[in-house]
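# Fold and geometry: a report
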Amino acid sequence: LFDGVYPFYPQQRKSFVFDVSIIIVIIVFLTLACSFLIIIPGIRGRARLYWLIRVLLSLVIGVVIVAVQYTSDWESGWVKVNTSYKSFSHALVNADIGLHVGLAGVNITLVGNPVNQVNETINYNEHFAWSFDADYDHSYSEGLEKGLPSPILYVAEKFTSQSPCGVHSQYRISGHYASAVLWVAFCTWLISNILFSMPALVYGGCMVLVTGTFMIFSLLSFSTVRNLPMCAIKFGPASLHIAYGGSFWLTLVVGLLCFMIGVTVVTLHFFSLDLLKTFFDLHVDEAEECQEMTEVYVNRRITDSTL
């Protein structure tokens, strides 16, 4: 060993920690939410609560649509194993191996139990991208050259284009179309907010329904990967199985929430328009318009001259 590193490995691999894009998305939407919370004390009466509900619901829908495109837990799974650590070494380690699949790539996690074993800190979270502007096979080859632990390379090899599993193209295409449909949902979400502010309430409700529809379509696009049988990922007697993860279910919940909001707005428009206008704080505007129309200003000089 040379300073704790095998001689044929040039350097220690730094683990993938967190996607910066998710941090940027969260900061942007938190800034919008904080800006609204600053001005909300200036809104009068009961309308303050209605504004708070509308804005926060809209921001939640928007941040979910954007953030889930950069997450890595659309599918995920864990397994506890006792396996070899690196090539050309008979050392065995006890570790948890995690597989986290996203729309643009896959994260493979290796965490030792305990973390410090065989004179090393076993805590890896490696990202391999398969988006159209990335080369998954090249990332896998770099992992081989840099000497990633054998369990990570073994799992990553299952998703290469040359693997007998044959799931690389399916995951790549499904993730690409799911991401594209989510961006369309983001555009319809923006249009719905514009329509609600005009206000054109029934059309805004319809666009929220369209937003929910596109979110469901993104889930259907990603779920097509289930049409192919997944290769077994075995570590001795233990097997690594993956299932739909948090991002998948979060997208489903928000999509159903969009359906519920859209149906509620459209239904109230036809059966209880006054209640809908009250929630959107429109009665105050109408009352002010009526008050302005009823006020008449008379030029006394003209009336005196006519008399």
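As annotated in an unreviewed UniProt entry, the chain carries the name DOXA2 factor and is attributed to Nothoprocta ornata. According to its UniProt record, the chain has this under Subcellular location (unreviewed entry): "Membrane". UniProt, in the comment section headed Sequence similarities (unreviewed entry), describes the chain in these words: "Belongs to the DUOXA family."

When helices and strands are counted, the chain shows 10 helices and seven strands. Split into buried and exposed, the 307 residues of the chain put 42% on the buried side. Here the analysis covers contacts within the chain between residues at least 6 apart in sequence; of these, 68% occur between residues at least 24 apart. For the chain, the accessible area works out to roughly 17,100 Å², and carbon and sulfur atoms hold 65% of it.

For helix H1 (residues 20-39), which comprises 20 residues, the first-to-last C-alpha distance of 29 Å matches the rise-based estimate of 28 Å (1.5 Å per residue) to within 8%. If you follow the buried residues of H1, they end up packed against helix H2 (47-67) and helix H5 (168-197).

Before going further, it helps to examine the sheet that holds strand E2 (residues 92-101). Adjacent strands of a sheet pair through backbone hydrogen bonds, lying either parallel or antiparallel. Across the sheet, five strands lie side by side as E4-E3-E2-E1-E7; this open sheet has antiparallel pairing. A single partner strand is all that each edge strand has here, and the edge strands are strand E4 (120-129) and strand E7 (243-244). Both E2 and strand E3 (residues 105-117) contribute to a ladder of seven bridges, which runs antiparallel. Across the sheet, the residue bridging to valine 101 is valine 106, located in E3.

Bringing the pattern of salt bridges into the picture now. Scanning the entire structure with this criterion turns up one salt bridge. One salt bridge in this structure joins lysine 86 and glutamate 120, with 3.8 Å as the shortest N-O distance. Taken together, the residues span a long stretch of sequence, with lysine 86 in the loop between strand E1 (75-84) and E2 and glutamate 120 in strand E4 at a distance of 34 residues.

Taken together, the side chains of Val20, Ile24, Val28 and Leu32 present a nonpolar region at the surface, about 360 Å² in accessible area. Within the secondary structure layout, leucine 32 lies in helix H1. Since its relative accessible area comes to 46%, leucine 32 is described here as partly exposed.

Conventions used here
Residues numbered from 1 in each chain as written. Predicted model: local features only at pLDDT ≥ 70, side-chain atom pairs only at ≥ 80, totals over all residues. Heavy atoms only, no water. UniProt positions renumbered as here; feature names shortened; annotations may be inferred. Helix = DSSP H or I, 4+ residues; strand = E, 2+ residues; numbered from the N terminus. Buried < 20%, exposed > 50% of the residue type's maximum accessible area, 1.4 Å probe, protein only. Contact = heavy atoms within 4.5 Å. Areas by Shrake-Rupley, 256 points an atom, 1.4 Å probe, with all protein chains shown as cover. Expected span 1.5 Å × (residues − 1). Pairing = 2+ DSSP bridges. Salt bridge = Lys/Arg side-chain N within 4 Å of Asp/Glu carboxyl O. Patch = residues over 30% accessible without salt bridge, like charges linked within 9 Å, V, L, I, M, F, W, Y side chains within 5 Å.

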